[in-house]
Every structure is written in structure tokens, then in C-alpha cells.
Amino acid sequence: MVEIKGKSVCKALTMGKLHFYNTDGCAVKRQKIDDTHGETMRFRDACQKAKAELSDLYQKALTEVGEANAQIFQIHMMMLEDEDYHGAISAMILNNRVNAEYAVSYTSDLFIKTFEDTGDEYMMARASDVRDISNRLIAILSGNETCANTLTHPCIIVADDLTPGETVQMDKEKILGFVTFGGSTSSHTAILARSLNIPAIIGTGIIDTDFDGETAILDGINGTLCINPDHVQISNYHIQKEQEEKRKELLAELKGKPNETKSGKKIDIFANIGSPSDLASVISNDAGGIGLFRSEFLYLAKNTFPTEDEQFFKYKEVAERMFGKKVIVRTMDIGADKKIDYFNLPAEENPAMGYRAIRICLSNTDVFRPQVRALLRASAYGNISIMLPMICSLREILEAKKIIEAAKAELRAEGTPFNENIEVGIMIETPAAALISDMLAPEVDFFSIGTNDLTQYTLAIDRQNQHLEPFFDPHHPAIIRMIEMTVQNAHKHGKWVGICGELASDTSLTEDFIRFGVDELSVSPPHILNLRKKIRSLD
Ligand code: PEP
Ligand code: MG
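Residues numbered from 1 in each chain as written. Chains lettered and ligands numbered in written order. Predicted model: local features only at pLDDT ≥ 70, side-chain atom pairs only at ≥ 80, totals over all residues. Heavy atoms only, no water.

### Let's talk about the overall build of the protein
Stage number 1. Along its length, the protein carries 19 helices and 16 strands.
Stage number 2. Computed over C-alpha atoms, the radius of gyration of the protein comes to 26 Å, within 12% of the 24 Å expected from 2.2 N^0.38 for 539 residues, which places it in the range of a compact globule.
Stage number 3. Expressed as lengths along the three principal axes of its C-alpha atoms, the size of the protein is roughly 80 × 65 × 50 Å.
Stage number 4. Here the analysis covers contacts within the protein between residues at least 6 apart in sequence; of these, 69% occur between residues at least 24 apart.
Stage number 5. As presented, the protein carries roughly 23,700 Å² of accessible surface, and 51% of it is formed by carbon and sulfur atoms.
Stage number 6. Across the protein, 58 positive and 78 negative side-chain charges occur, with their mean positions spaced 3 Å apart. (Helix = DSSP H or I, 4+ residues; strand = E, 2+ residues; numbered from the N terminus. Rg over C-alpha atoms; globule rule 2.2 N^0.38 Å. Contact = heavy atoms within 4.5 Å. Areas by Shrake-Rupley, 256 points an atom, 1.4 Å probe, with all protein chains shown as cover. Lys, Arg positive; Asp, Glu negative; His and termini not counted. Charge placed at Lys NZ, Arg CZ, Asp CG, Glu CD.)

Encoded structure:
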């Protein structure tokens, strides 16, 4: 038995034979060309053909993985028309008198290197898109359109890396799982694997081809590939697989169905995320939107402040991939248990009651301003809302709104597009905010109740302290009363209210939440369908 570790991109399990997939079928030779005009026309024809293929792939992906994921092929079509890319290849054919295959390969390598050198995960995923387009063009130009390997039986594909095109073109009936030596978790291949629910791990490093044809268990939950498993591992696999099948049945039964009680009461179910890489799970679990994007995770993943542009690309990606569905981004909730060295926060006796979230943002506008600008800029690409955490007073809301208005004025003056009517809401996660929610409601567009902190601050119990768990009771009548009161106060002022703390997924309270009139529940993606099931069972 050999166990290989990787990064999990699709939390599912499979067992089968390994098949090493050949991805270097498209090697290119440099040739001298006399008829550069003819060669340029050959390149243009190849682009047309590539676009037609991508359009077919888009249609195929639309039925297999849904619109959001199929969009990658439209993006590829746009990249094919990109002035810089197209222009550089044509210029190389003309100026260097080289064959189109070589010009495509050389230019693509330059683009790929530029993207990869940024070190940014998003840009690295774009590098893999360029590689996909380049392989497609070269295959067409060289008449070698069967670069794709033919699969004869269901197997676990092992490859250096896979492009989205290769992934979609494969016969899904024959793919049990994917293992790639390299790749990033936000690459489109990873995303497609997740939305097709194909078990997958990436970044395993090179695996010896001697294992070709051997039996293996691919555990996308723990990120392992177990080659030649023993009988204990095989029997554990069967137990886990049975549980997974039950979840799949739930998915098949509930996907696309409304979140509606038998008597027709509706409630939105949104998802909580920490980064764009969570989106595939959001989409595959059929969320109606993002109710809480914990933006501080973008800061926690870095050693220095993320720039405005870095943040803008992440928010834009989420907004675009949610296609007009609501994306509520909570401004950074740094502090308490989420300390970051480069923020240089002073040591505190009581960090949970200290310098945290909106308190940092209002005391240090140089840190807050780039985030607000990034969010506003991204709002031009989808349905983004801004949510302010740890609010205790009206003054905090007014000050934050002033900063948002100032950023809007700057962008207006620069001619940078943004949504003038972007919604601004607040978290209700302190008892103070719940108790004065009638005073806060007129100043905001929505409330989202953070029951994790609301419980911590109402009961005066550290949510981090495991010894206090028997006392940490989110069902405490004080919490339930505050939720009901907050909903009433929001509705009195015509504002909607959601719950984004862990209590939102507690199905023993779903009936109460609906009775109170809660408009939205935002939960981690795997909880969505269970919650939908509960709602649909209620009268
Ligand atoms: C909450 O406090 O309930 C909440 C959703 O925010 P976080 O858990 O990130 O503090
Ligand atoms: Mg909180």
C-alpha cells in the first residue's frame, strides 16, 4: 500500500484503476515560412474553428455543469479575440516568418509565464486557460485533433495537469476521479471537478507511472490517494461511500426546488464563504446567493496588506460567477481570534472585547479605504452588497457610510464604474445592536444576525473556550428573543433580515425562524439542501 497526499478539490470518494493520462501530445516544431500571408490566414481559420469547438463545448458544459461553470468556454472565446494575444501571434508570423503552431506556442508560453510570475492564484488559473487555448489552436493547426486520450473503461485519471477543455471533453461515464501532480484549487479544472462532483486531488507531485493500472482509493475528503489498499481500507471505503450516496440522493431530490413550506411561505437560503475557491460548492449545492463572504480570509492568507486591486479581482470573480445573485461581502472582521501580525495590533487583555472589525476600520481608514474601493469597483460586475461587522452604535454606521460615500465620490471623479445603489447592511452580533435595531434599521438596507458572536456577547461566554461549551447555549431564550425583536424592528422599517451565524443551519429552529419572518438563512454550502428539505417539510 502506498499513500500519496494532495490538496482536495472535490470532497468525494472513489475506488478504481489508475490511468496515466498523456498530456504532451501537442509538441511543436519551429518552421520557416515564406508565405506569411497564407500562414496568417491559416491561423485565422484555426481561430474560427477553435471558436466553433468552444461554442460546442459551452453547450455541452451547460447541460453537464450549469451556466456558471460553462462560462469558462465563453471566456476562452473572448481570449481568442483578445487584441494582445491575437496581435502578438500574427505579428510573430509576419516578422519572424515562423509557422502558426510555433507562433501560438511561443506567444502562449510568454503569456503563461507572465500570469504565473504574479504568484496570484487567480492569475495562475488564467495561465491554465491560455494553455488550454494554445493546445486547442495547435491541435487544429497540426490536424492532430485527437490529442484527447480515449478512455476505454472507468478509471481514475492521473495527469501532470488538465485543462478545462480536456476535462469537459472526457467521457464522464469513464472518469471515476482526477489526480493531478500540479494545479491550483481555483483552476477551472478543479472547479469543474467540484461541480461535476468528481472526486479530485491536486498538487500530489509526480507519481511513478509504474502505478498505471493499479487499484487505488481516491479520498477527496482527506486529500489522499491510497494505491493498492488493504482489506480494512477497502471496507472503510464502502462504509463512507454508502453515506455519500445518501447525500447524492438528497441532492437529486432537492436541487432546483424552491425553499418553500407546504403553505407557501418562502425563505432564501444563501451560502457562507471565505474565498472564491468555495464557489463551486456554493453552486453545486444550489445556493440562492452569498449571505456572508468573510473577507478577512483574504487578509489572513497574506503576509502583507492585500492591495486594492488584489481584493477587487477576488470580489469581481465572486460577483461574476454568481451571475447577478446577491453577494454580501462583510468588510474585514480582523481581531479577537483572527489576529494578523502585519496589522500590528496592540496586545490586549480581552481581545474578543477589544480592537476588532469595524473598530479597526474606523480608527484606521487607510486600511479600510482600499477595501471599500475594491468592493465598490467590483459592484459594477455583479450584485455586491457591503456588510459591516461588530456594529454597536448608530455613530459607527454613519461614520462607515461617510467613508463609503467618500470612496464613491473618488471613483465617480475618476470615471471608474460602480453600483451607485449598492446595498449597505450590518451584522447584528452584539446585544447593543439587537436592542437598538429599531434605531439602526432606518440607516441600513438590511440586517444579518451573527448568532455566533451574539451568543458570545449576550451570555458573556468566550466562544473559543472549549471548557465553556456546556454553557454556550445559542438556544438561550435571550438569543431567541433578540432574533425575534431584530426581525420585527427591521420589518417595521421595510428592511430585510437574515441570519448568517451557525444557528441558521440548526433545523430544530427553522420553524421558529420562519414564524418570526426571517427573510434569509445563510449557511455553509453542505447544509443548504438539508435546510431546504426541512423547510419543505413544514406546514
Ligand atoms: C457570527 O458572529 O455569527 C458570524 C457569522 O460571524 P463570525 O462567525 O465570522 O464571527
Ligand atoms: Mg461574528
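### Here we look at the coordination of the magnesium ion (ligand 2)
For a metal with four tetrahedral donors the ideal donor-metal-donor angle is 109.5 degrees, whereas six octahedral donors ideally subtend 90 or 180 degrees.
Stage number 1. Coordination sphere of the magnesium ion (ligand 2), protein contribution only: Glu 429 (OE) and Asp 453 (OD), at 2.0 to 2.1 Å. Taken together, the positions of Glu 429 in the loop between strand 13 (424-428) and helix 14 (431-435) and Asp 453 in helix 16 (residues 451-459) put the pair 24 residues apart, joining distant regions of the chain. A single burial state applies to Glu 429 and to Asp 453, both of which are buried. (Donors = N, O, S within 2.8 Å, 3.2 Å for Na, K, Ca; no water. Buried < 20%, exposed > 50% of the residue type's maximum accessible area, 1.4 Å probe, protein only.)

### Digging into the sheet that holds strand 6 (residues 200-202)
Note: strands within a sheet are paired through backbone hydrogen bonds, in either parallel or antiparallel orientation.
Stage number 1. Read across the open sheet, the eight strands follow the order 1-8-7-3-4-5-6-2; overall the sheet is mixed. What marks the edges here is a single partner per strand, and that holds for strand 1 (2-5) and strand 2 (7-10). Going from strand to strand, the sheet's axes swing by 30° on average, the running direction of each strand aside.
Stage number 2. Bridging between strand 5 (residues 175-180) and strand 6 involves two bridges; their strand directions are parallel. Looking at the pairing, Val 179 lines up with Ile 201 of strand 6.
Stage number 3. Lying over the sheet, helix 7 (residues 231-254) contacts strand 3 (13-20), strand 7 (215-219) and strand 8 (224-227), oriented at roughly 115° with respect to strand 3. (Pairing = 2+ DSSP bridges. Axes fitted to C-alpha atoms, helices over the stretch in contact; angles between N-to-C directions.)

### Let's talk about the site of ligand 1
Stage number 1. Every one of the 15 residues lining ligand 1 counts as a neighbour, but Arg 294, Arg 330, Gly 450, Asn 452 and Arg 463 are closest to it.
Stage number 2. Contact between ligand 1 and Gly 450: an oxygen atom at 3.3 Å from a main-chain N or O atom of the residue.
Stage number 3. The separation between an oxygen atom of ligand 1 and a polar side-chain atom of Asp 453 is 2.9 Å.
Stage number 4. If ligand 1 stood free it would expose 290 Å²; the protein chains cover 98% of that surface.
Stage number 5. Sorting the residues of the shell around ligand 1 by element identifies strand 10 (290-294) and helix 16 as the ones contributing at least two each.
Stage number 6. In terms of residue count, helix 16 provides more of the shell around ligand 1 than any other element does, three residues in total.
Stage number 7. Tallied by class, the residues present in the shell around ligand 1 amount to three nonpolar, four polar and eight charged. (Near = heavy atom within 4 Å. Polar contact = N/O pair within 3.5 Å; in protein donor to acceptor, adjacent residues only side chain to side chain. Nonpolar A, V, L, I, M, F, W, Y, C, P; charged D, E, K, R; others polar.)

### Some words on the environment of Gly 291
Stage number 1. Position of Gly 291 relative to the elements: it lies in strand 10.
Stage number 2. Residues Gly 291 and Ile 273, spaced 18 residues apart in sequence, show a C-alpha to C-alpha distance of 8.3 Å.
Stage number 3. When neighbours within four sequence positions are excluded, Gly 291 is seen to be in contact with Phe 270, Ala 271, Asn 272, Ile 328, Met 387, Glu 520 and Ser 522.

### Structural notes on helix 3 (residues 100-117)
Stage number 1. Its 18 residues give helix 3 an end-to-end C-alpha distance of 26 Å, which sits within 8% of 26 Å, the value for a rise of 1.5 Å per residue.
Stage number 2. Among the residues making up helix 3, those that are buried are Ala 100, Glu 101, Tyr 102, Ala 103, Val 104, Ser 105, Thr 107, Ser 108, Ile 112 and Phe 115.
Stage number 3. Positive phi shows up at Gly 119, right after helix 3, with a value of about 75°. (Expected span 1.5 Å × (residues − 1).)

### Some details on the sheet that holds strand 15 (residues 496-499)
Stage number 1. Taken in spatial order, the eight strands of this closed barrel run 9-10-11-12-13-14-15-16, and their pairing is parallel. Across this sheet, the average inter-strand angle for adjacent strands is 30°, counted without regard to direction.
Stage number 2. Its contacts with the sheet put helix 17 (residues 477-492) on strand 13, strand 14 (446-449) and strand 15, and the angle it makes with strand 15 is roughly 155°.

### Quick notes on the environment of Asn 383
Stage number 1. For Asn 383, the position within the fold is in strand 12 (residues 383-388).
Stage number 2. Considering only alpha carbons, one finds Asn 383 and Val 318, 65 residues apart in sequence, at a separation of 9.7 Å.
Stage number 3. With sequence-adjacent residues up to four places away left out, Asn 383 is seen in contact with Gly 324, Lys 325, Lys 326 and Val 327.
Stage number 4. Only 3.2 Å separates the side chain of Asn 383 from the backbone oxygen of Gly 324, close enough to count as a polar contact.

### Re the pattern of salt bridges
Stage number 1. Per the counting criterion, the structure on display carries 32 salt bridges.
Stage number 2. A salt bridge links Arg 42 to Glu 101; the nearest nitrogen and oxygen atoms lie 2.8 Å apart. Here the residue Arg 42 occupies a position in helix 1 (residues 36-81), and Glu 101 occupies one in helix 3, the gap between them amounting to 59 residues.
Stage number 3. With a relative accessible area of 30%, Arg 42 lands in the partly exposed category. (Salt bridge = Lys/Arg side-chain N within 4 Å of Asp/Glu carboxyl O.)

### A closer look at the pairing of strand 13
Stage number 1. Counting buried positions along strand 13 yields five of five residues, so the element is predominantly enclosed.
Stage number 2. The alternating pattern of strand 13 places Val 424, Ile 426 and Ile 428 and Gly 425 and Met 427 on opposite faces, both of which are buried.
Stage number 3. By the bridge criterion, three bridges tie strand 12 to strand 13 in an arrangement that is parallel. Of the residues in strand 13, the one forming a bridge with Leu 388 is Ile 426.
Stage number 4. A crossover connection joins strand 12 to the parallel strand 13 through helix 13 (residues 394-414); in handedness this β-α-β unit is right-handed.
Stage number 5. As paired strands, strand 13 and strand 14 are joined by four bridges and run parallel to one another. Counterpart to Ile 428 in the pairing with strand 14 is Ile 449. (Right-handed = clockwise from strand over helix to strand, strands pointing away.)

### Observations regarding the domain arrangement of the protein
Stage number 1. Annotation of the protein at the domain level lists domain 1 (2-20 + 154-231), domain 2 (36-142) and domain 3 (258-537).
Stage number 2. When each unit is reduced to the centre of its C-alpha atoms, the spacing between domain 2 and domain 3 is 39 Å.
Stage number 3. On the domain 3 side, the residues contacting the seven residues of domain 2 number six residues.
Stage number 4. Around 630 Å² of area is buried between domain 2 and domain 3 when both sides are counted, 64% of it from carbon and sulfur atoms.
Stage number 5. Joining domain 2 to domain 3, the criterion identifies zero residue pairs in polar contact (both at pLDDT 80 or more).
Stage number 6. Looking at the side of domain 2 that touches domain 3, the elements that each hand over two or more residues are helix 1 and helix 4 (121-141).
Stage number 7. The biggest single contributor to the side of domain 2 that touches domain 3 is helix 1, with four residues.
Stage number 8. A per-class count over the side of domain 2 that touches domain 3 returns two nonpolar, two polar and three charged. (Domains from an automatic or database assignment. Buried area = accessible area lost by both parts, 1.4 Å probe.)

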